[in-house]
Amino acid sequence: MKQIFVYIAMIFLLASCNDGDEAVIEDLDENKKLNIPQPDYFPELTYDVDANPPTEKGFELGKKLFYDGKLSSSGVISCGFCHMQEFSFTHHTHKVSHGVGGALGNRNAQPLHNLAFKKNFNWDGAAAHLDAQFIIPITTDVEMNEEIGNVLDKLRADSTYNEMFDEAFENGEINTENFFDALSQFLVMMVSNETKYDRVVHEGTANFSAEEQAGKALFESKCSSCHSGELFTNQQFMNNGLPIDPQYDDKGRSRITGNPEDDYKFQVPSLRNVELTLPYMHDGRFETLKDVLDFYDSGVEETPNISQEMYQNNANANAGIPLTEEEKTQIIAFLKTLSDIDFTLDERYAEF
Amino acid sequence: MKIFKIVTIISVLALLSCSDDDIADQTQGDLKLLFDNQVGDQELILNNENYEKNGDEMIQIDELKYVISNIQLEKENGEIFTYPVEDSYFVINEEDEQSLNLNLGDIPVGDYTGIRFGFGIDQSEYPLNGVDNFIPTAEENGMLWAWAAGYKFLKFEGSYSTGISSGFQPFIYHVGSHGENLDNYKEIELDFGQSLSIDQYEQRVDIKMDVLKIFDATYQLNLADKDDIQVDPVNAPKVSENMKRSFEIKDIITDTLFSNQ
């Protein structure tokens, strides 16, 4: 018996020199790896899981950070303040987000789901990596108005965070990289595909109503060239002809590229959970899906760099997508099949 | 009892084998880099000092900061030593003398012929390889574009005048990469012109950065034409290209009096 013990001790000591043997490390740390759910009909993962593999402890830490007001200068604005789970992590009914001291931003908070499959973040693609995205809301004065260095100081002064960083990461350090990695680990796990659409189209366990079926056909002929694929976005930056709001004169993508050809282009949003993520457009100007379809039907303006896609369904060559009232009702019925209520109630992502 | 002794001995040996501290002293040395920002052949003095640049423009410089990264040393035999990437991000800030001196440790002993480093942050690495941990430093130095999740590689501000009769106007050059379609990271390669031995003696390489070359190394940039270059797909790449050609080896100093040991 004693000899066996010696051998086991030797194996563990030798294994401790070898970072490659993850199975051993996992058992010792009791920090299990998590797999990002990947429905087989989803696009390829864009998130580099090898560089930052999600773990149970990292996910827990990321969740605590996500809901912690410490990330803001006032101590009360957390990520979850503007990204509320019951509305697929948007700031429900707020046209633009409210930040520290009641400051108003100029853009509508985007939903957080299926981020592991996204190529760019923000309406203008200001962050090309999820791990870099967090700088924006934390440091923007009208959002959390804080410095990353200050957040780290606050976390270091907190014994719970010291323990959690220690459990979640091999080097246990409270630094920017681990801070952002933990937030990413929480966010990439938030995959949403428990919808009627998925049950009908991919699982064959439900059926569309006649109205939904008609809406699907209309959607495919009139909307899906931009809202394409299983995430219902081509992940491109496009100008849909939304009238320019002089209050903001938000030029969108060109702020990032400096290229005038990108003026007024914004990222085509995913339509999964779209029923829940009102209000709509980058500035939240439309409160209902009906308002959105009314805009595509008769409100499109030929602003600079308008997408050619806005002309394809129009024989008169006026920009826009003509729709009858019946067609709008049918499309909305279809869009509502993209709602994932389980996702909004999932306790794994919940604050309380 | 005997078995436990064996266990103890094995444990000690196994733990020792994880550590290489005991051999570090003989195989590694230090290198100091001094970034000496000059205006042509003159010393750079911030605020109120007038300098003549190309295009008959006078400038005063209030602020000069830039990011250096990805330091590599080339050995005589052609081998490349890469300084640990996560420790190789620096803000050079003319206002802060300490920031001009980089102390690089744990360099393998040997003869080196040149140095390579990056201007800015390599996009392919971002945000990997620990560059995230550079954020608080960049933040303190105002080298972070909060709204674009990216770094400013160069923060260069001051004022300029186009003639005796005209007053001074402010100018601003803030240059970085934007998303994936505007990559302004540059690699700089400088030859020492001699062999530099990393050994027990303290070695210092003085690198001159000529501010005037930011305006004319490759592209002629007149402030009267454009005095605010920030997110600019036409002019920002020109500033970066000029920046790439603004560095040169000024001096190599071996201090035999103060060895590392």
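Residues numbered from 1 in each chain as written. Chains lettered and ligands numbered in written order. Predicted model: local features only at pLDDT ≥ 70, side-chain atom pairs only at ≥ 80, totals over all residues. Heavy atoms only, no water.

Draft legend 1. Spotlight on the overall build of chain B. When you go through chain B residue by residue, the secondary structure sums to six helices and 15 strands. Per-residue burial over chain B gives 50% buried out of 261 residues. A sequence separation of at least 24 residues applies to 73% of the contacts in chain B between residues at least 6 apart. Per element, the accessible surface of chain B, about 12300 Å² overall, is 46% carbon and sulfur. (Helix = DSSP H or I, 4+ residues; strand = E, 2+ residues; numbered from the N terminus. Buried < 20%, exposed > 50% of the residue type's maximum accessible area, 1.4 Å probe, protein only. Contact = heavy atoms within 4.5 Å. Areas by Shrake-Rupley, 256 points an atom, 1.4 Å probe, with all protein chains shown as cover.)

Draft legend 2. Structural view of the confidence of the model for chain A. Summary statistics for chain A give a mean pLDDT of 88 and a share of 91% for residues scoring 70 or more. This model gives residues 13-26 of chain A a pLDDT under 50, and the stretch forms 13 contacts once residues within four places in sequence are excluded. (pLDDT = per-residue confidence, 0-100.)

Draft legend 3. Layout of the pattern of salt bridges. Residues and elements named next belong to chain A. Per the counting criterion, the structure on display carries 34 salt bridges over all chains. Note that aspartate 153 is salt-bridged to arginine 156, the shortest N-O span being 3.6 Å. You can see aspartate 153 and its partner arginine 156 sitting in helix H7 (residues 148-156), three residues apart, about one turn around the helix. For aspartate 153, a relative accessible area of 46% translates into the label partly exposed. (Salt bridge = Lys/Arg side-chain N within 4 Å of Asp/Glu carboxyl O.)

Draft legend 4. Region of the structure containing the layout of surface pockets. All names here are of chain A. Here the second largest pocket defines a volume of roughly 990 Å³. As for the second largest pocket, its lining consists of 46 residues, and the residues nearest its centre are His83, Gln110, Asn122, Gln133 and Glu143. Among the elements of the structure, helix H4 (79-82), helix H5 (130-133), helix H6 (135-139) and helix H9 (176-188) are those that each provide at least two residues to the lining of the second largest pocket. Here the lining of the second largest pocket takes three residues from H6, the largest share from any one element. Its residues placed into classes, the lining of the second largest pocket shows 24 nonpolar, 16 polar and six charged. (1 Å grid on protein atoms, 1.4 Å probe; cavity = no way out; pocket = protein on both sides within 12 Å on 5 of 7 lines; lining within 4 Å. Points joined across faces, edges and corners; volume = space filled by probe spheres on them. Nonpolar A, V, L, I, M, F, W, Y, C, P; charged D, E, K, R; others polar.)

Draft legend 5. Broad picture of the pairing of strand S1 (residues 28-39) of chain B. Residues and elements named next belong to chain B. Most of S1 is tucked away: nine of the 12 residues are buried. As paired elements, S1 and strand S7 (residues 101-108) share six bridges and run antiparallel to each other. Within the sheet, the bridge partner assigned to glutamine 28 lies in S7 and is proline 108. A loop of two residues connects S1 with strand S2 (residues 42-43), the two strands running antiparallel in sequence, and glycine 40 in this loop sits at a positive phi of about 60°. (Pairing = 2+ DSSP bridges.)

Draft legend 6. Region of the structure containing the packing of aromatic side chains. Scanning the entire structure with this criterion turns up 35 aromatic pairs over all chains. Consider the rings of phenylalanine 343 of chain A and tyrosine 349 of chain A, whose centres lie 5.5 Å apart with planes at 50°: the pair is tilted. Here the two residues phenylalanine 343 of chain A and tyrosine 349 of chain A agree in accessibility, since each one is buried. Centre to centre, the rings of phenylalanine 119 of chain B and phenylalanine 153 of chain B are 6.0 Å apart; their planes meet at 85°, and the pair counts as edge-to-face. Remark: phenylalanine 153 of chain B occurs in strand S10 (residues 150-161) and phenylalanine 119 of chain B occurs in strand S8 (residues 110-119); sequence separation between them is 34 residues. Side by side, phenylalanine 119 of chain B and phenylalanine 153 of chain B carry an identical accessibility label, which is buried. Ring pairs connect the aromatic residues Phe59, Phe66, Tyr67, Phe89, Phe186, Phe343 and Tyr349 of chain A, which therefore count as one cluster. The ring of tyrosine 161 of chain A has lysine 64 of chain A sitting right over it, with the charged end atom 5.0 Å from the ring centre. Seen from the ring of phenylalanine 215 of chain B, lysine 53 of chain B lies directly overhead, with NZ or CZ sitting 4.5 Å from the centre. (Phe/Tyr/Trp six-rings, centres within 6.5 Å; stacked < 30°, edge-to-face > 60°. Lys NZ or Arg CZ within 6 Å of the ring centre and 35° of its normal.)

Draft legend 7. How the structure looks around the packing of helix H13 (residues 289-298) of chain A against helix H14 (residues 325-336) of chain A. Residue and element names in this part refer to chain A. At their nearest, the axes of H13 and H14 sit 10 Å apart, and the two run at 130° to each other. The angle between the axes of H13 and H14 places the two elements in the oblique class. Handedness of the H13/H14 crossing: right-handed. Mapping the contact onto sequence places Leu289, Lys290, Leu293, Asp294 and Asp297 in H13 and Glu325, Lys328, Ile331, Ile332 and Leu335 in H14. Of the residues belonging to the contact of H13 with H14, the class tally is five nonpolar, no polar and five charged. (Axes fitted to C-alpha atoms, helices over the stretch in contact; angles between N-to-C directions. Parallel < 35°, antiparallel > 145°, perpendicular 65-115°, else oblique. Left-handed = near helix turned anticlockwise from the far one by under 90°.)

Draft legend 8. Representation of helix H10 (residues 196-203) of chain A within the structure. Residues and elements named next belong to chain A. Every buried residue belonging to H10 is among Tyr197, Asp198 and Val200, and all of these are buried. At its buried positions, H10 is contacted by helix H11 (210-222) and H14. The N-cap residue of H10 is threonine 195: its side-chain oxygen and the backbone nitrogen of tyrosine 197 are 3.2 Å apart. (Polar contact = N/O pair within 3.5 Å; in protein donor to acceptor, adjacent residues only side chain to side chain.)

Draft legend 9. Just empty space enclosed by the protein, in detail. Residues and elements named next belong to chain A. In total, this model carries two cavities of 30 Å³ or more according to the counting rule given. In this structure, the largest cavity occupies an estimated 810 Å³ of space. Along the walls of the largest cavity sit 50 residues, with His227, Asn240, Pro269, Met281 and Tyr296 positioned nearest its centre. Among the secondary structure elements, those contributing two or more residues to the lining of the largest cavity are H11, strand S2 (266-267), H13 and H14. With four residues, H13 is the single largest residue contributor to the lining of the largest cavity. A class-by-class count of the residues in the lining of the largest cavity yields 29 nonpolar, 14 polar and seven charged.

Draft legend 10. Just the nonpolar core, in detail. Ranked by internal contacts, the top residues of the largest apolar core, which has 123 residues, are Phe179 of chain A together with Tyr66, Leu154 and Phe247 of chain B. Sorting elements by how many residues they give to this core places strand S4 (residues 57-75) of chain B first, with eight residues. For phenylalanine 247 of chain B, the contacting residues outside a window of four places in its chain are Phe35, Tyr66, Ile68, Phe117, Ile188, Leu190, Ile207, Lys208 and Met209 of chain B. If you look at the next biggest cluster of nonpolar residues, it comprises 29 residues, including Leu242, Val274, Met310 and Leu335 of chain A. (Core = buried A, V, L, I, M, F, W, Y, C linked by side-chain atoms within 4.5 Å.)

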